[in-house]
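# Working through the structure, step by step
Residues per chain, in single letters:
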Amino acid sequence: MRKLDYAGAIREAMAQEMERDPRVFVYGIGVPTWSSIFGTTKGLTEQFGPERCFDTPICEDTMTGFGLGAAIRGLRPIHVHIRVDFMILATNQLLNMVSNYIYSTGGKLKVPLVVRAVVGRGWGQGAQHSKSLFSNFTHIPGLKVIAPTTASDVKGMLTAAIRDDNPVICFEHRWLYWAEEEVPEEPYEVPLGVGRILRPGRDVTVVGLSWMNVEARLAADILYKRGVSVEIVDPRTLAPLDEDLIVESVKRTGRCIVADCDWVESGFSAELAARISEKCFGRLKAPVKRIGFAHTPCPTVRELENEFYPNARTIVRGIEEMLGLEAANLDGEDFFSHERRFRGPF
Amino acid sequence: MTLDPEPLPKTTSIQLFKSLFLARRSEEYIVKHYPENLMRTPMHMSMGQEFVSVGVCAALEGKADVFASYRSHAAFLAQTHDTDLFFSELYGRSSGTGEGKGGSMHLASPGQGHILSSGVVATQIPVAVGAGFANMRLGTGRTAVVFFGDGAADAGVFWESLNVAALYRLPVMFVCEDNGYAVDTPREARQVPASLTEAVKAFVCDSYEDDSGDVESVYRLARGAVEKAHRERRPAFLNVKCCRYLEHVGTGDDWHWGYRDKAAVEREWISRDALLQQRVRLASLQMSESAIVAVEDEIDRAIRASVAKASQAPIPGPERLYAGVFHEKA
Ligand SMILES: Cc1ncc(C[n+]2csc(CCOP(=O)(O)OP(=O)(O)O)c2C)c(N)n1
């Protein structure tokens, strides 16, 4: 099968859905420009015309209301934010209008709106270009929230989101855009609300979110050499959550680390840890452990940024502690550094 | 001096009267029954300002996609004339517009062209712009119309929405029901431009003002504005001066708040009440008092029947709590 990266998979999902359904359109700040949201919207204006792929003024609140209005009057909008931080300006519409319109009209109406938001990281993104804020949105009834990790998942899940008659927010970690995988060429759906075991294992479950699944895989490789078998579960959809998959896994392994790509305090990891603790209580050999960002604004300087973000090393140390293993010497290990791919500026 | 405009067809004058009376009498029933505590939803009454939405909705002849604020009773009834749905929702019944989950601030019946009402100031405005975009793309021939108070024009999203509608050349109708107050705060204490109507002209749109207090004047204005908006492919802003008779929220008056003078309001507004004016106009059009009373009685009976029906209708069962958070396939 041909290989495609995550950014290309997003582009392909949108292009195929725009081809299939003339009601689908995509818009947002910078969408049709040369840089085209990391290539995810490249060529769509040329292919489908400026009425179906267009730029907007810098007014996220208004343009989200605009998407709602278009969605409830017959179109299927995809609104793109190049950073989650900018989507904060859209929360009035998302939380006050988009999320409750179906409910307060008795469940009969449709709001086929997709909002894509990019999680930034690296090269000094700093405090205002690096947020995830998953739990700000999973907290709200009436929104579906997805955070695909792999290229094949993002294509199928975005396709499902575009075809869904409810509002869906899709979180895309900026570093995942490079991830290549075999991705089927024809359109397909990966159903929302269904998680995935990224790697089967016996000793401990890592529930990873977004980029942290990449770190979890690295950690699992390192620990494998020491005879520790790590199972990685990617919920993929955060709301509605595939709780059964996670609970079954933790019941099997008896141990769980939640590796969130976000702050820990009041984060989505708290929701996961609470549910796992409740549902797996008698089967847990250790308390559920959570890993996430340091509870500070994201620092710009590289050395502090290194301290701010958890990575494979954090996961390895967490698992060692949980299993009562001595901390291994990790000097020879090859940890991910974004400078391999990314030297700024954005 | 302006010439008197051509009189409207008598049938139109009667229609406008009926629509005004429907809204007014429906709210009179709310005032009457609210103390029974069966309509447990915060009422933001339209009373006094009905002529704005009545005039505009009539002018659009059923081809409006209406977006309204929490003060939406008149707009809802002007657009749908559906007192059954209206009272069912206020009474919190399964037969309401949102099976009682919406209430007074979320009245909506998209099939009848009332798309939504919203309780957070100004939030309905950009949604109307998106609807205008969908109407343009799909060639529906419909017009998105958004009603809001002068307070909503304090908000950035109002100006952003005007900008976007003008930029994308969408014939959206922005209708400001300018009653001069946000709760008890006068416009002068909130906005710098001496005239909103003038300020809006900086955007490429047509900006109109009406302080006639007359439903036929609003009707004419809206007809001209919507026609021009479609022809020129640009939004229209209608600033219609009006007066809220009752308190900001609730069914009583608010003279005791002291922010406005009862005698002045009576002199400037209530004495030339739009419904009364229209009734006088019908008489001057040779409609007999008994014929007018017959029209009123018929509407009154219909409303009473709706109130009775609604107060008897089933209340949604507890199984409905979790239903409809997401779209329920038919
Ligand atoms: C964003 C927001 N802020 C504050 C409120 C509280 N509030 C409700 S109505 C209102 C006044 C609005 O005045 P205006 O827009 O002129 O409409 P009117 O009530 O006169 O119809 C305020 C401040 C709100 N609902 N939403």
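Criteria and cut-off values
Residues numbered from 1 in each chain as written. Chains lettered and ligands numbered in written order. Predicted model: local features only at pLDDT ≥ 70, side-chain atom pairs only at ≥ 80, totals over all residues. Heavy atoms only, no water. Salt bridge = Lys/Arg side-chain N within 4 Å of Asp/Glu carboxyl O. Helix = DSSP H or I, 4+ residues; strand = E, 2+ residues; numbered from the N terminus. Buried < 20%, exposed > 50% of the residue type's maximum accessible area, 1.4 Å probe, protein only. Disulfide = S-S within 2.5 Å. Domains from an automatic or database assignment. Contact = heavy atoms within 4.5 Å. Buried area = accessible area lost by both parts, 1.4 Å probe.

### A few points about the pattern of salt bridges
Summed over all chains, the structure comprises 52 salt bridges over all chains. Between Asp165 of chain A and Arg76 of chain A there is a salt bridge, with the nearest N and O atoms lying 3.0 Å from each other. Taken together, the residues span a long stretch of sequence, with Asp165 of chain A in the loop between helix 9 (151-163) and strand 7 (168-173) and Arg76 of chain A in strand 4 (residues 76-81) at a distance of 89 residues. The same class applies to Asp165 of chain A and to Arg76 of chain A, which are both buried. Between Glu99 of chain B and Lys101 of chain B there is a salt bridge, with the nearest N and O atoms lying 2.7 Å from each other. Like Glu99 of chain B, the residue Lys101 of chain B is buried in the burial classification. Sharing partners across several salt bridges, the network here consists of Glu17, Arg20, Arg163 and Glu189 of chain A.

### Observations concerning the state of the cysteines
Here, the word disulfide means a covalent bond between the sulfur atoms of two cysteines. Taken as a whole and assessed by the stated rule, the structure comprises zero disulfides over all chains. The cysteine Cys53 of chain A is free of any disulfide, with Cys170 of chain A supplying the nearest cysteine sulfur at 16 Å. Sulfur of Cys242 of chain B: no disulfide; nearest cysteine sulfur belongs to Cys243 of chain B and is 7.6 Å away. In this structure Cys242 of chain B comes out as buried when scored by relative accessible area, which is 3%.

### Thoughts on the domain arrangement of chain A
All names here are of chain A. Looking at chain A, the domain boundaries give domain 1 (3-182) and domain 2 (196-340). Between the C-alpha centres of domain 1 and domain 2 the distance comes to 27 Å. Taken together, the contact between domain 1 and domain 2 spans 31 residues of the former and 31 residues of the latter. Both faces combined, the contact of domain 1 with domain 2 buries some 2,500 Å², and carbon together with sulfur accounts for 60% of it. The largest per-residue losses of area from domain 1 upon contact with domain 2 belong to Arg121, Phe134 and Trp175, which jointly make up 22% of the total buried on that side. For the pair domain 1 and domain 2, the interface holds two salt bridges. The partner of Arg236 in a salt bridge is Asp153, with the nearest N and O atoms 2.9 Å apart.

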